[in-house]
Amino acid sequence: MLQKSRCLRNLIPSSSFASLPKISVFYASGAASSVQEALEPSPYSGSDDENGDIDWDNLGFGIKQTDYMYVTKSTCDGVFEQGQLSRFGNIELNPSAGVLNYGQGLFEGTKAFRREDGRLFLFRPDQNAIRMQFGADRMCMHSPSIDQFVDAVKQTALANRRWIPPPGKGSLYIRPLLIGSGPILGLAPAPEYTFLVFASPVGNYFKEGLSSLNLYIEDEFHRATRGGAGGVKSISNYSPVLKALTRAKGRGFSDVIFLDSVYKKNLEEATSCNVFVVKGNHISTPPINGNILPGVTRKTVIDIARDHGYQVEERTVPVEELLDGDEVFCTGTAVGVLPVGSIAYKGKRVEYKTDSRLVSRDLYSTLTGLQSGVIEDKKGWLLEVE
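Residues numbered from 1 in each chain as written. Predicted model: local features only at pLDDT ≥ 70, side-chain atom pairs only at ≥ 80, totals over all residues. Heavy atoms only, no water.

Draft legend 1. Representation of the environment of T225. You can see T225 is positioned in the loop between strand 10 (213–218) and helix 6 (242–250). As a C-alpha pair, T225 and S261 span 36 residues in sequence and 5.7 Å in three-dimensional space. Once residues within four sequence positions are removed from consideration, T225 is found in contact with S261 and N291. A distance of 3.1 Å separates polar atoms of two side chains, one belonging to T225 and the other to S261. (Helix = DSSP H or I, 4+ residues; strand = E, 2+ residues; numbered from the N terminus. Contact = heavy atoms within 4.5 Å. Polar contact = N/O pair within 3.5 Å; in protein donor to acceptor, adjacent residues only side chain to side chain.)

Right, here's the structure in full:
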């Protein structure tokens, strides 16, 4: 049983990302496979050359079934057992699982990259582990340790290495999941938790590729509110934005920007990324105040921008300031760093510069240079998979 003190203790400030001190589930590896067979560990035996007929130039961002996933479960005392790799496949859940009935679940997203010399690297997976721990504390869930998390991501990347695209063609998107898989009927934390990791090769998140985005400011629906869970990567934060997103895409927009739910005038974030505003040498972005997700790419870009001499402020950004910016760009693990070409708000459309001298292009070039090894990693952000 989850200790009450874990659920009630004061949360750490999300901007600090400080470290915080079951799966009645069966794994099916295919329709014809038995539950017992799926529970058996499957040692990795593939090679880099066995990648089938993948069209690396047209990956897009969608699920492509890879070979293996990593799975472990928590014991009664909240400790996660040593995980194992199993063939990628369906999972079976009790109908009363906490994740199905009460949305008790979190997910993360990170990537593995292949360099020109064939070496494989992860980018700051420890930050995803810390964010999952923070989210688990908010959602009253057991969570794996940072070392367990990072090791699981490494194992998943290595086991699926043949699916990591060639340099410049994309990356292996890795999705860690933490779900309340134990059965529960009354509203309470699940008695058991499953931690699993799967992966898929991906290209660009938006259909525009690396071209500028066209965004719509949503003034009817809201993504988060004060005291809610907008600052954690809970699965329950994402379905509610689909109404606004679907409507915006139907009108030809790339994504939606949400405003705060109290004053309805301050910038928060888009459905899948954080937002930055550039004015001269100043870069502004909303603060981590519990309403927006503390993105790993956001944090990285802030550090890179300051290293490049930009004055970066994390503060409240009124919508008028967003519309008056010289440049606007978005950041996220899935999207990278992308410029915004235009924003529509209350029937008006504001266009931004999209030439080659963009601040976002400068930051993107540095970020990808670090990930590809072209730029030396002096901060210890990269982790080799070997």
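Draft legend 2. Quick look at the nonpolar core. Residues I174, L178 and F195 are the most contacted members of the largest nonpolar core, which totals 30 residues. When contributions to this core are tallied by element, the ones reaching two or more residues are strand 2 (68–73), strand 7 (120–123), helix 4 (125–138), helix 5 (146–159), strand 8 (171–180) and strand 9 (193–202). With 6 residues, helix 5 is the largest single contributor of residues to this core. By size, the runner-up hydrophobic cluster in this structure holds 22 residues, among which are L213, L215, I257 and Y352. (Core = buried A, V, L, I, M, F, W, Y, C linked by side-chain atoms within 4.5 Å. Buried < 20%, exposed > 50% of the residue type's maximum accessible area, 1.4 Å probe, protein only.)

Draft legend 3. Focus on the confidence of the model for the chain. In this model, the chain carries a mean pLDDT of 87, and residues with pLDDT of at least 70 account for 86%. Throughout residues 1–42 the model reports pLDDT below 50, and contacts reaching past four residues in sequence, or to other chains, amount to 99 contacts. (pLDDT = per-residue confidence, 0-100.)

Draft legend 4. Focus on the packing of helix 4 against helix 5. The geometry of helix 4 relative to helix 5 is characterised by a closest axis approach of 9 Å and an angle of 130° between their N-to-C directions. On the basis of their axis angle, the class for helix 4 and helix 5 is oblique. For the element pair helix 4 and helix 5, the recorded crossing hand is right-handed. Judged by residue contacts, P125, D126, N128, A129, I130, M132 and Q133 of helix 4 engage I146, F149 and V150 from helix 5. (Axes fitted to C-alpha atoms, helices over the stretch in contact; angles between N-to-C directions. Parallel < 35°, antiparallel > 145°, perpendicular 65-115°, else oblique. Left-handed = near helix turned anticlockwise from the far one by under 90°.)

Draft legend 5. Here's a closer look at helix 9 (residues 359–372). The terminal C-alpha atoms of helix 9, which comprises 14 residues, lie 20 Å apart, in line with the 20 Å expected from a rise of 1.5 Å per residue. Where helix 9 is concerned, the buried positions are V359, S360, L363, T366, L367, G369, L370 and Q371. Directly after helix 9, the chain includes G373, whose backbone phi takes a positive value near 90°. (Expected span 1.5 Å × (residues − 1).)

Draft legend 6. Representation of the packing of helix 7 (residues 296–307) against helix 9. Two elements in contact, helix 7 and helix 9, have axes separated by 10 Å at closest approach and are oriented at 110°. The angle between helix 7 and helix 9 places the two elements in the roughly perpendicular class. For the pair helix 7 and helix 9, the contacting residues are T297, T300, V301, I304 and A305 in the first and L363, T366, L367 and L370 in the second. For the contact of helix 7 with helix 9, the class distribution of residues is 6 nonpolar, 3 polar and no charged. (Nonpolar A, V, L, I, M, F, W, Y, C, P; charged D, E, K, R; others polar.)

Draft legend 7. Inspection of the environment of K353 at higher detail. Here K353 lies in the loop between strand 18 (348–351) and helix 9. Owing to a relative accessible area of 42%, K353 belongs among the partly exposed residues under this scheme. The spacing of K353 and P339 is 14 residues in sequence and 9.0 Å in space, taken between C-alpha atoms. Dropping the residues within four chain positions of it, K353 is found in contact with D326, E327 and L358.

Draft legend 8. Looking closely at the pairing of strand 2. Counting buried residues in strand 2 gives 5 out of 6 residues, a clear majority hidden from the surface. Note: strand 2 against strand 3 (residues 84–87), 4 bridges, orientation antiparallel. Counterpart to M69 in the pairing with strand 3 is S86. For strand 2 and strand 9, the ladder comprises 4 bridges, and the chain directions are antiparallel. Residue pairing in the sheet places K73 in a bridge with T194 of strand 9. (Pairing = 2+ DSSP bridges.)

Draft legend 9. Summary view of the packing of aromatic side chains. This structure, assessed with the given rule, holds 8 aromatic pairs. Note on F61 and Y173: the rings are 5.3 Å apart at their centroids and 70° apart in plane angle, and the pair reads as edge-to-face. Of this pair, F61 sits in the loop between helix 2 (35–39) and strand 2 while Y173 sits in strand 8, placing them 112 residues apart in sequence. In this structure F61 comes out as partly exposed when scored by relative accessible area, which is 29%. A residue is classified by how much of its surface remains accessible, and Y173, at 10% relative accessible area, is buried. Each ring, one from Y70 and one from F195, has its centre 6.3 Å from the other, and the planes form 70°; the classification is edge-to-face. In this pair, Y70 is assigned in strand 2 and F195 in strand 9, connecting sequence segments 125 residues apart. A single burial state applies to Y70 and to F195, both of which are buried. Pairwise contacts between aromatic rings join Y70, F149 and F195 into one cluster. In this structure, R115 packs its charged tip against the face of F121, placed 3.8 Å from the ring centre. A cation over a ring is seen here: R251 above Y216, with NZ or CZ 5.8 Å from the ring centre. (Phe/Tyr/Trp six-rings, centres within 6.5 Å; stacked < 30°, edge-to-face > 60°. Lys NZ or Arg CZ within 6 Å of the ring centre and 35° of its normal.)

Draft legend 10. Focus on unusual backbone geometry. Phi at C140 takes a positive value of approximately 55°, unusual for a residue other than glycine. By the element assignment, C140 lies in the loop between helix 4 and helix 5. If you check the backbone angles, K346 has positive phi at about 50° while not being a glycine. Given the relative accessible area of 58%, K346 is considered exposed.

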